[in-house]
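# Examining the three-dimensional arrangement
Here are the chains, one letter per residue:
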Amino acid sequence: MAVDANEALMQYFFDNGWVTEYPDYYGGGYIEDNVFNVRLVTPTEQTMGILDKIFEPYKDAVTYELCDMSQKDAQAYADETAKALIADGYAVTHWYTDDVTGNVVIGVQNADIQEVKKQVTHTQKNSKGTYVPAVIVEEGGYLSNEAVKVLGGDRMWTGSYNLSIGVCGEYNGYK
């Protein structure tokens, strides 16, 4: 039911034109213990009415949490921070916002971790006194440029996630 509730919310967003960004009140969402936890930024009564209607069939599998920053703003902050680090010459491998905490997570090559940690702000307020998410720095990596045989189902590691290759095929007669 939690997955279905998430799908219903994503369909609502899509139907209302939020395809590449989320609405300002949406702070993210995650499933834990078969419950869809929806993070909200100062939702209005109208917003809560809409959400309650969307989640009516799943009400036992949905909870609301208040948070300080929208998913859209947190992702913009993550993008801005990562681009600044890249411009400064650091080997940034990935970045994203954590759906559970709202923190920004930035992966960098091991050689740059200590310097990047010094560069990022770990406070919850920026110089203007407004909320910004914490920036968590983790080790990331790149695939080598060497010829690598990759098959469907092979394990890949981005530093944050274990993934598998899901598509294999041929291009110009080569596997």
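The sections below set out a description of the structure shown in this document. (Residues numbered from 1 in each chain as written. Predicted model: local features only at pLDDT ≥ 70, side-chain atom pairs only at ≥ 80, totals over all residues. Heavy atoms only, no water.)

The strands making up a sheet associate through hydrogen bonds between their backbones, and the pairing can be parallel or antiparallel. The three strands are arranged 1-2-3 in an open sheet whose pairing can be described as mixed. The outermost strands of the open sheet, each flanked by one partner alone, are strand 1 (26-32) and strand 3 (62-66). Going from strand to strand, the sheet's axes swing by 20 degrees on average, the running direction of each strand aside. The sheet contact formed by strand 2 (residues 35-40) and strand 3 spans five bridges and is parallel. Counterpart to Val-38 in the pairing with strand 3 is Tyr-64. Set on the sheet, helix 1 (residues 2-15) makes contact with strand 1, strand 2 and strand 3; between it and strand 2 the angle comes to about 35 degrees. (Pairing = 2+ DSSP bridges. Helix = DSSP H or I, 4+ residues; strand = E, 2+ residues; numbered from the N terminus. Axes fitted to C-alpha atoms, helices over the stretch in contact; angles between N-to-C directions. Contact = heavy atoms within 4.5 Å.)

Our focus in this paragraph is the pairing of strand 4 (residues 92-97). Of all six residues that make up strand 4, five are buried, and the element is covered over most of its length. Examined bridge by bridge, strand 4 and strand 5 (residues 104-108) share five bridges and lie antiparallel to one another. The residue of strand 5 that forms the bridge with His-94 is Gly-107. Here strand 4 hands over to strand 5 after six residues, with Gly-102 in that stretch at a positive phi of 80 degrees. (Buried < 20%, exposed > 50% of the residue type's maximum accessible area, 1.4 Å probe, protein only.)

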